[in-house]
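Chains, contacts and geometry: an overview
Listed below are the residues making up each chain.
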Amino acid sequence: MKKLILLLFLVLLVTGCSKDGNTLVIVTEAGFAPYEYYENNKIVGIDIDIAEEIAKRLDKELVVKDVAFDSIINELNSGKADIALAGMSITAERQEEVDFSIEYAVSKQVIVALKDTNIKKVSDLNNKTISVQLGSVADSYVTENFKNAKLIQQKKFLSAAEDIKGKKADCLIMDELPATELVKNNPELKILNIELFTDKYAAVVAKGNTKLLEQINEVLQDLIDSGKINEFTINHTK
Ligand code: GLN
């Protein structure tokens, strides 16, 4: 009897954890409003609205998984998740590991700092302490371009914001729309008027997952053409 219970428990454990044919597992990092964030204990956002449309089109039940941003690619390549929708920017390095869909948003990287910051131009970033999200494009950008800067790599943007408020960091580099949301909730911070670089968001799948990628691209194109992505963006930035 004990063995039977144990066996039943193991079966439940295995089936409960693995993907089955009827679910579509989306992986994201849900500290990135308006793209993915918690509202009443539920993950919502522009990317989640897109994920729901993809699941609907594929006739699958949507499962949203929240992980650290730097684990997302591994989630795809180990088969634990089907698609990443995480405001993920297309980069040449990532393209070596995963496949990107067509782009669904254009973003730019901005500097967030205390209102009385002395950062006035890009070169002021040298010798500064800069907080970023671990594994983000800002992380690589600072590593490659500001060898004399001190880098703090946080898992969550909220922790990076705390670094600035607590004066552990001089600034934070991140995507514009999420930065706007962050500043809305932290009035002591502002976005500096300094150009860094632009980037483009796409959905991501494991390398060679061509069929799924084609299906995603069809849905994304429809959502772009019908103005739905704009609508989702307006809804989540109100
Ligand atoms: N767009 C940035 C990147 O791809 C940050 C994304 C995020 O933190 N969710 O690196």
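That block above? That's the structure.
Residues numbered from 1 in each chain as written. Predicted model: local features only at pLDDT ≥ 70, side-chain atom pairs only at ≥ 80, totals over all residues. Heavy atoms only, no water.

Quick word on the overall build of the protein chain
Summing up its helical and strand segments, the protein chain has nine helices and 11 strands in all. Expected size for 238 residues packed as a compact globule is a radius of gyration near 18 Å; at 20 Å, the protein chain falls within 12% of this value. By its C-alpha atoms, the protein chain is 65 × 50 × 35 Å across when sized along the principal axes. The 238 residues of the protein chain split such that 48% are buried. Put simply, 71% of the contacts in the protein chain that link residues at least 6 apart link residues at least 24 apart. With an accessible surface of roughly 12500 Å², the protein chain has 52% of that area assigned to carbon and sulfur atoms. Once the 29 positive and 37 negative side-chain charges of the protein chain are each reduced to a mean point, those two points are 5 Å apart. (Helix = DSSP H or I, 4+ residues; strand = E, 2+ residues; numbered from the N terminus. Rg over C-alpha atoms; globule rule 2.2 N^0.38 Å. Buried < 20%, exposed > 50% of the residue type's maximum accessible area, 1.4 Å probe, protein only. Contact = heavy atoms within 4.5 Å. Areas by Shrake-Rupley, 256 points an atom, 1.4 Å probe, with all protein chains shown as cover. Lys, Arg positive; Asp, Glu negative; His and termini not counted. Charge placed at Lys NZ, Arg CZ, Asp CG, Glu CD.)

Points about the packing of helix H2 (residues 46–58) against helix H8 (residues 210–225)
H8 packs onto H2 with a crossing angle of 120° between their chain directions and a minimal axis gap of 10 Å. In terms of orientation, H2 lies oblique with respect to H8. Crossing geometry of H2 relative to H8 is assigned as right-handed. Listed contacts from H8 to Ile50, Glu53, Ile54, Arg57 and Leu58 of H2 are Leu212, Gln215, Ile216, Val219, Leu220, Asp222 and Leu223. The class makeup of the residues in the contact of H2 with H8 is eight nonpolar, one polar and three charged. (Axes fitted to C-alpha atoms, helices over the stretch in contact; angles between N-to-C directions. Parallel < 35°, antiparallel > 145°, perpendicular 65-115°, else oblique. Left-handed = near helix turned anticlockwise from the far one by under 90°. Nonpolar A, V, L, I, M, F, W, Y, C, P; charged D, E, K, R; others polar.)

Some details on the pattern of salt bridges
Under the counting rule described, the total for this entry stands at 12 salt bridges. Of the charged contacts in the structure, one is a salt bridge between Lys65 and Glu75, with a shortest N-O distance of 2.6 Å. Taken as a pair, Lys65 in strand E4 (residues 61–66) and Glu75 in helix H3 (residues 72–77) lie far apart in primary sequence, 10 residues in all. Owing to a relative accessible area of 9%, Glu75 belongs among the buried residues under this scheme. Note that Asp99 and Lys207 form a salt bridge whose closest N and O atoms lie 2.7 Å from each other. Highlighted residues: Asp99 in strand E6 (residues 98–114) and Lys207 in the loop between strand E11 (198–206) and H8, separated in sequence by 108 residues. Accessibility expressed as a relative area gives 18% for Asp99, which makes it buried. One continuous salt-bridge network, built from bridges that share partners, spans Lys108, Glu176 and Glu195. (Salt bridge = Lys/Arg side-chain N within 4 Å of Asp/Glu carboxyl O.)

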